[in-house]
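# Architecture and fold: a report
Residue-level listing of the chains:
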Amino acid sequence: MSVNTSRDGDHFPGQPVPMLDNPVPTAVSGEQALAGEMMLRMPNSLLKLPRVLLSHKHRALFILTLMLVSFAYLTLYWRIAEDSYGSGLYNLPGEFNCAHSVPFSLPNAGEPSPSRGNVFFVETSERTNPGYLFSCSVESAARTHPRTSVVVLMKGLAKGNASLPKHWVFSLLSCFPNVEIRPLDLPELFSGTPLKKWYLWPLRRWEPYFLPVLSDACRIVLMWKFGGIYLDTDFIVLRNLQNLTNSLGIQSEDELNGAFLSFKPKHRFMALCMKDFVKNYNAWIWGHQGPHLLTRVFKKWCPIRTIQSMSCKGVRALDPEAVYPIPWQDWKKLFEAISASELHKLLKNTYAVHIWNQMNHRTRLEIPSQALLAQLYSQFCPATYAKMKQDSQERSRPAM
């Protein structure tokens, strides 16, 4: 069987574009002479206006057309991207029987205590039909943090409704006693922070990268308000992350990424991130409110010019192999076969693997196979993998 990988968008900006108001100035005078002079001048001005407009009409028309096409393209892009998240792995209905799940593992004696905050996942779109990668992300976090609450916040869930949609992912995740799935109340989340006014701007949702920027906003506010661990829903967690306090990962040369964050509540670094979010807001640059923001703030925090694996004033920039062992440029390696020894070597110093779903959500994964991604599913989210195999077998049966 072949399946598509899909998730919430990656991890991934500024001043709203002002509405230009340029009314024609008018004046009222009681002096007849001045009024008569104005009346004589007005026809000449009106005659000049068409010539000015005609001389610039081609340029104005070109700019207007370019703006409309760009806006239409961006709107279509995000609709297609959101639809792709809802297809393939995200549209498999049905119930999940907990009896078929691999037993939930109890913590070992030396594991960290659960007093270091929750593990958070956030879904900022209205989708309520998640799929394999989403399920694997939450399951792997629940298994590696068995005495910690794994909180999944979903914007599409109705506030005050205790029942979840009938979908196999919710049935599967209900097998894990430490998983909590709650509605995402954005006005409440942003209240009491510098981002409240930003969120309430009425035209915000029309910005080209609104959903990923909203996700960027949610994660830094969650870390500031509550602390704990934040993960994008395209992570597969390999081991407990709670020793990585006040840290974030380097995704590539001289750039941090916020797909993983771990901070104590009310940490000053997160406060600075919120201030930078509002002060340097730019809705038109991809990543400006995400990786670029974290990189800007960290360089000022230290201060340094180039980011490397280091600890600075109590905040750690983790080596890429910690949570981004596969660079985004090499995402195709996730779909290539790998031996058990190579897998062990690759993941020796890795806590979690970012799947870069924004890059690969249209790529087909064979189940079962020796592909790196398939082996990660098999080892770290076995209940989800069992569901994948079951669906593979059912789809491969000949029609009666």
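Residues numbered from 1 in each chain as written. Predicted model: local features only at pLDDT ≥ 70, side-chain atom pairs only at ≥ 80, totals over all residues. Heavy atoms only, no water.

## Some thoughts on the environment of P187
Rules: Starting at the N terminus, helices and strands are each numbered in turn, a helix being any DSSP run of H or I of at least four residues and a strand any DSSP run of E of at least two.
With respect to the helices and strands, the residue P187 is situated in helix α4 (residues 186-190). In sequence terms P187 and L200 are 13 residues apart; their C-alpha atoms lie 8.1 Å from each other.

## Focus: helix α7 (residues 268-279)
Put simply, the rule reads: Here, expected helix span is obtained from the residue count minus one, scaled by 1.5 Å. Throughout this description, buried means an accessible area under 20% of the type-specific maximum (1.4 Å probe, protein chains only), exposed means over 50%, and partly exposed covers the range between. Contact definition: two residues touch when any of their heavy atoms are within 4.5 Å.
Look at α7: 16 Å from first C-alpha to last across 12 residues, which is about the 16 Å you get at 1.5 Å a residue. Within the span of α7, buried status applies to F269, M270, A271, C273, M274, D276 and F277. Where the residues of α7 are buried, they touch α5 (195-200), α6 (210-225), β8 (255-263), α8 (291-301) and β10 (315-318).

## Some remarks on the side chain of N246
Mapping N246 onto the fold places it in the loop between β6 (235-237) and β7 (247-252). Every residue in contact with N246, bar those within four places of it in the chain, is listed here: S262, F263, K264, H267, G314, V315 and R316.

## Structural notes on unusual backbone geometry
In this structure, the amide linkage connecting C302 to the following residue, P303, adopts the cis form with an omega of -15 degrees. You can see P303 is positioned in the loop between α8 and β9 (310-312). Along the chain, I367 connects to P368 via a cis peptide bond; the corresponding omega equals -5 degrees. By the secondary structure assignment, P368 is in the loop between β12 (364-366) and α12 (372-380). With phi around 55 degrees, N246 is a residue other than glycine that occupies positive phi space.

## Here's the deal with the pattern of salt bridges
Put simply, the test is: For this analysis, a salt bridge means a side-chain nitrogen from Lys or Arg found within 4 Å of a carboxyl oxygen belonging to Asp or Glu.
Enumeration according to the criterion identifies 11 salt bridges in this entry. A salt bridge links E123 to R127; the nearest nitrogen and oxygen atoms lie 3.1 Å apart. Considered together, E123 and R127 belong to a single accessibility category, that of buried residues. Residue K159 is joined to D185 by a salt bridge in which the shortest nitrogen-to-oxygen separation is 2.7 Å. A residue pair is termed long-range when its members are at least 10 positions apart, and K159 in the loop between β3 (150-154) and α3 (168-173) and D185 in the loop between β4 (179-183) and α4 qualify at 26 residues.

## Quick notes on the sheet that holds β3
Which entries qualify depends on this criterion: Each pair of strands is called paired provided DSSP finds at least two bridges between the two strands. For helices, the fitted line uses only the C-alpha atoms of the stretch in contact; every axis is such a line through C-alpha atoms, and the angle between N-to-C directions lies from 0 to 180 degrees.
Read from one edge of the open sheet, eight strands run β4-β3-β2-β5-β8-β7-β10-β9, paired in mixed fashion. With partners counted over all chains shown, the strands left at the sheet margins are β4 and β9, one partner each. Direction aside, the axes of adjacent strands within the sheet are offset by 25 degrees on average. Both strand β2 (residues 119-123) and strand β5 (residues 228-231) contribute to a ladder of two bridges, which runs parallel. Residue pairing across strands places V119 opposite I229, the latter belonging to β5. Where helix α2 (residues 132-144) meets the sheet, it contacts β2, β3 and β4, and its direction lies at approximately 155 degrees from that of β3.

## Here's the deal with the side chain of S140
Stated precisely, the cut-off is as follows: Side-chain atoms alone can form a polar contact between residues adjacent in sequence; in general such a contact is a pair of N or O atoms within 3.5 Å, and within protein one must be able to donate a hydrogen while the other accepts it.
Residue placement: S140 occurs in helix α2. A distance of 3.0 Å separates a polar side-chain atom of S140 from the backbone nitrogen of V237. In this structure S140 touches F235, I236, V237, F380 and C381, once residues within four positions along its chain are discounted.

Nothing here speaks to function; it is all geometry.
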